[in-house]
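The residues making up each chain are set out below.
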Amino acid sequence: AQRVTQPEKLLSVFKGAPVELKCNYSYSGSPELFWYVQYSRQRLQLLLRHISRESIKGFTADLNKGETSFHLKKPFAQEEDSAMYYCALSGPVTGGGNKLTFGTGTQLKVEL
Amino acid sequence: NAGVTQTPKFRVLKTGQSMTLLCAQDMNHEYMYWYRQDPGMGLRLIHYSVGEGTTAKGEVPDGYNVSRLKKQNFLLGLESAAPSQTSVYFCASTLAGGPYNEQFFGPGTRLTVL
């Protein structure tokens, strides 16, 4: 079974401070991980994916297989980063294809 | 392109009533998904479809049925609504079933069952 754990429901930081949103996973295969973000009154959208090894809006995430983690980091938080962040793990489903298993989400609040 | 759209945006039902939520996508995606989002529980997969005419159960399928008669549409039905089905429902689609593919989400339907 695959599982994603986001231990923090709410993370509050000041503008300009570093941000780290924690994500741990449980999966027997080779994990493919994502971070999705939901800004206020907007739909859920992809922020970044492990396979791309990209930096989006200043955010990065490194897969640590030893610690089974995929924490999301940003060196300097901006007010516009305030949103709900979901970590997600891709896994196979019956009939072919893949599904996403989501964590419970972390609400990031950036204060001025 | 409209992307993924959902109808309706809001709905209030009484216990025992039925309703259908419609999801439509104009991206020619093969795979479609229905999730529910509840506070403190994240998004949980209800049902999914790997192509036109096919459907399968997700993590929390009880009390829901789905149909995918056309590739662009994925319908979620509640035959006899219960208060436990009060939630925000999201539809998503993806081009193919590979592990790296982005899922595109609809704006959500907020359902309240009294």
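Residues numbered from 1 in each chain as written. Chains lettered and ligands numbered in written order. Predicted model: local features only at pLDDT ≥ 70, side-chain atom pairs only at ≥ 80, totals over all residues. Heavy atoms only, no water.

### Digging into the overall build of chain B
Basically, it comes down to this: Each helix corresponds to a stretch of at least 4 residues labelled H or I by DSSP, and each strand to a stretch of at least 2 residues labelled E; elements are numbered beginning at the N terminus. The quantity called the radius of gyration is restricted to C-alpha atoms. Its globule counterpart is 2.2 Å times the number of residues to the power 0.38. Categorising residues by exposure relies on relative accessible area from a 1.4 Å probe, with only protein chains included: less than 20% of the type maximum marks a residue as buried, more than 50% marks it as exposed, and the intermediate range marks it as partly exposed.
On a plain count of helices and strands, chain B comes out with 0 helices and 11 strands. Counted from the first residue to the last, chain B has its helices and strands arranged as β-β-β-β-β-β-β-β-β-β-β. Computed over the C-alpha atoms, the radius of gyration of chain B is 13 Å, within 12% of the 13 Å expected from 2.2 N^0.38 for a compact globule of 114 residues. If you line up chain B on its principal axes, its C-alpha atoms span 40 × 30 × 25 Å. Expressed as a percentage of the 114 residues in chain B, the buried residues total 46%.

### Remarks on the sheet that holds strand β1 (residues 4-7) of chain B
Residues and elements named next belong to chain B. Note the following rule: In this description, strands pair whenever DSSP reports at least two bridges between them. Here, axes are lines fitted to C-alpha atoms. For helices the fit covers the stretch in contact, and angles between N-to-C directions go from 0 to 180 degrees.
Spatially, 4 strands are ordered β1-β3-β8-β7 in an open sheet, and the strand pairing comes out antiparallel. The open sheet has two edge strands with one neighbour each: β1 and β7 (65-67). Neighbour to neighbour, the strand axes of the sheet diverge by 20° on average, direction disregarded. Pairing of β7 with strand β8 (residues 73-78) involves 3 bridges; the strand directions are antiparallel. Across the sheet, the residue bridging to Val-66 is Leu-76, located in β8.

### A closer look at the packing of aromatic side chains
For clarity, the threshold we go by: When two rings of Phe, Tyr or Trp (its six-membered ring) have centres within 6.5 Å they constitute a pair, described as stacked for plane angles under 30 degrees, edge-to-face for angles over 60, and tilted for the intermediate range.
Under the definition given, this model contains 10 aromatic pairs over all chains. Aromatic side chains Tyr36(A) and Phe105(B) sit 5.7 Å apart centroid to centroid with 75° between the ring planes, which places their arrangement in the edge-to-face category. One end of the pair, Tyr36(A), is in strand β5 (residues 32-38); the other, Phe105(B), is in strand β10 (residues 104-105), on a second chain. A single burial state applies to Tyr36(A) and to Phe105(B), both of which are buried. Centre to centre, the rings of Tyr35(B) and Phe105(B) are 5.7 Å apart; their planes meet at 35°, and the pair counts as tilted. Highlighted residues: Tyr35(B) in strand β4 (residues 31-38) and Phe105(B) in strand β10, separated in sequence by 70 residues. One exposure class covers both Tyr35(B) and Phe105(B), and it is buried.

### Let's talk about the interface of chain A and chain B
How big an interface is tends to be expressed through the accessible area that disappears when the partners come together. So the rule is basically this: Residue contacts are counted whenever heavy atoms from the two residues lie within 4.5 Å of one another. Here's the idea: put two parts together, see how much 1.4 Å probe accessible area each one loses, and the total over both is what we call buried area. Any carboxyl oxygen of Asp or Glu within 4 Å of a side-chain nitrogen of Lys or Arg constitutes a salt bridge here. Between N or O atoms, a polar contact is any pair within 3.5 Å; within protein, one atom must be a potential hydrogen donor and the other a potential acceptor, and residues adjacent in sequence are included only when both atoms are from side chains.
Contact residues are listed per partner, giving 22 residues for chain A and 24 residues for chain B. Roughly 2,000 Å² of surface becomes buried between chain A and chain B when both sides are summed, with 54% attributable to carbon and sulfur atoms. On the chain A side of the contact with chain B, Arg43(A), Asn98(A) and Phe102(A) bury the most area, a combined 27% of that side's loss. Across the contact surface, chain A and chain B share 1 salt bridge. Residues Arg49(A) and Glu102(B) are paired through a salt bridge, measuring 3.9 Å at the closest nitrogen-oxygen approach. Linking chain A with chain B are 6 residue pairs in polar contact (both at pLDDT 80 or more), by the criterion used here. Among the secondary structure elements, those contributing two or more residues to the side of chain A that touches chain B are β5, β6 (45-49), β9 (83-92) and β10 (98-102) of chain A.

### Considerations on the sheet that holds strand β3 (residues 19-21) of chain A
Residue and element names in this part refer to chain A. A sheet is described by the order of its strands in space; here 3 strands give the open sequence β3-β8-β7, paired in antiparallel fashion. Strand pairing shows two members of the sheet lacking a second neighbour, β3 and β7 (60-61), which therefore form its edges. In this structure, β3 lies alongside strand β8 (residues 72-74), joined through 3 bridges in antiparallel fashion. Across the sheet, Glu-20 pairs through a bridge with Lys-73, a residue of β8.

### Thoughts on the side chain of His50(A)
All names here are of chain A. Its place among the elements puts His-50 in the loop between β6 and β7. Look at His-50 and you get buried, because its relative accessible area is 10%. For His-50, the side chain forms a polar contact with the side chain of Glu-32, separated by 3.4 Å. Other than its neighbours up to four places away in sequence, His-50 contacts Pro-31, Glu-32, Leu-33, Leu-63 and Phe-70.

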